[in-house]
Amino acid sequence: LGAGIVAASISGLGLWGAMNWHLMALQGAIAGFSIVLIWRLFMMDWVDILVTMLLLYPHVMLSIEMKNGVLTEETYAKEEYLSEGGRDFVEMAHQYIGSPVNSLSSPTNANANADNNNNNANH
């Protein structure tokens with residue numbers, strides 16, 4: 001349980017750093033995961049070693065891209081998807097789902113709102 005809390009805290013630091021473009025927070029998460037990885041290598045916990053490596057990898061790659069200027073706040077809109085097909089897919093899904101306001105309401109509520117709008121238009 002204690003190791004899980006430590007790993008979740010380190011992940012939270014890395015996530016916060018990624019969302020707010022703070023390279024130092026990402027590097028702190030990398031340092032934390034590296035210490036956890038060394039400890040797990042010492043303890044020979046193979047599954048935990050694999051999980052830690054899977055958590056460490058995206059932090060390292062994002063920090064490298066941020067440090068080299070490949071991914072910045074300014075270039076994020078261009079680099080957000082691996083390919084243009086990904087961007088097109090997300091746009092298609094947004095059109096299919098509709099606006100965020102409509103997607104939060106249930107079909108029953110949407111029908112009731114439509115009936116209310118029609119009644120108000122008739123009066």
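Described in the following lines is the structure provided in the data block. Note that the coordinates shown come from a computational prediction; the quantities given were computed from them, not determined experimentally. (Residues numbered from 1 in each chain as written. Predicted model: local features only at pLDDT ≥ 70, side-chain atom pairs only at ≥ 80, totals over all residues. Heavy atoms only, no water.)

## A few points about the packing of aromatic side chains
Next up, step 1: Overall, the coordinates contain one aromatic pair when judged by the stated rule.
Next up, step 2: Aromatic side chains Trp39 and Phe42 sit 5.9 Å apart centroid to centroid with 40° between the ring planes, which places their arrangement in the tilted category. With Trp39 and Phe42 both in helix H2 (residues 23-43) and three residues apart, the pair spans about one turn of that helix. Considered together, Trp39 and Phe42 belong to a single accessibility category, that of exposed residues. (Phe/Tyr/Trp six-rings, centres within 6.5 Å; stacked < 30°, edge-to-face > 60°. Helix = DSSP H or I, 4+ residues; strand = E, 2+ residues; numbered from the N terminus. Buried < 20%, exposed > 50% of the residue type's maximum accessible area, 1.4 Å probe, protein only.)

## What to know about the nonpolar core
Next up, step 1: Core analysis: the biggest nonpolar cluster contains eight residues, these being Ile10, Ala29, Ile30, Phe33, Val36, Leu37, Ile49 and Leu56.
Next up, step 2: When contributions to this core are tallied by element, the ones reaching two or more residues are H2 and helix H3 (46-67).
Next up, step 3: The element best represented in this core is H2, accounting for five residues.
Next up, step 4: If near-sequence neighbours (up to four positions away) are discounted, Ala29 is found in contact with Ile10, Leu13, Gly14 and His59. (Core = buried A, V, L, I, M, F, W, Y, C linked by side-chain atoms within 4.5 Å. Contact = heavy atoms within 4.5 Å.)

## Quick notes on the side chain of His59
Next up, step 1: Mapped onto the elements of the fold, His59 is located in helix H3.
Next up, step 2: When residues no more than four places from it in sequence are discounted, the contact partners of His59 are Ser11, Gly14, Leu15, Leu26, Ala29, Ile30 and Phe33.

## Let's talk about the side chain of Ser63
Next up, step 1: Tracing the chain through its elements places Ser63 in helix H3.
Next up, step 2: Here Val60 takes part through its backbone oxygen, which lies 2.9 Å from a polar atom of the side chain of Ser63.
Next up, step 3: Those residues within four positions of Ser63 in sequence are excluded, and the remaining contacts are Leu23, Leu26 and Ile30. (Polar contact = N/O pair within 3.5 Å; in protein donor to acceptor, adjacent residues only side chain to side chain.)

## Re unusual backbone geometry
Next up, step 1: Its identity is not glycine, yet Trp21 carries a phi of approximately 60°, on the positive side.
Next up, step 2: Take Trp21: it is sitting in the loop between helix H1 (2-19) and H2.
Next up, step 3: Judged by relative accessible area, Trp21 falls into the partly exposed class, the value being 24%.
Next up, step 4: Residues other than glycine seldom take positive phi values, yet Met44 does so here, at roughly 60°.
Next up, step 5: Position of Met44 relative to the elements: it lies in the loop between H2 and H3.

The values are spatial; any link to function lies outside them.
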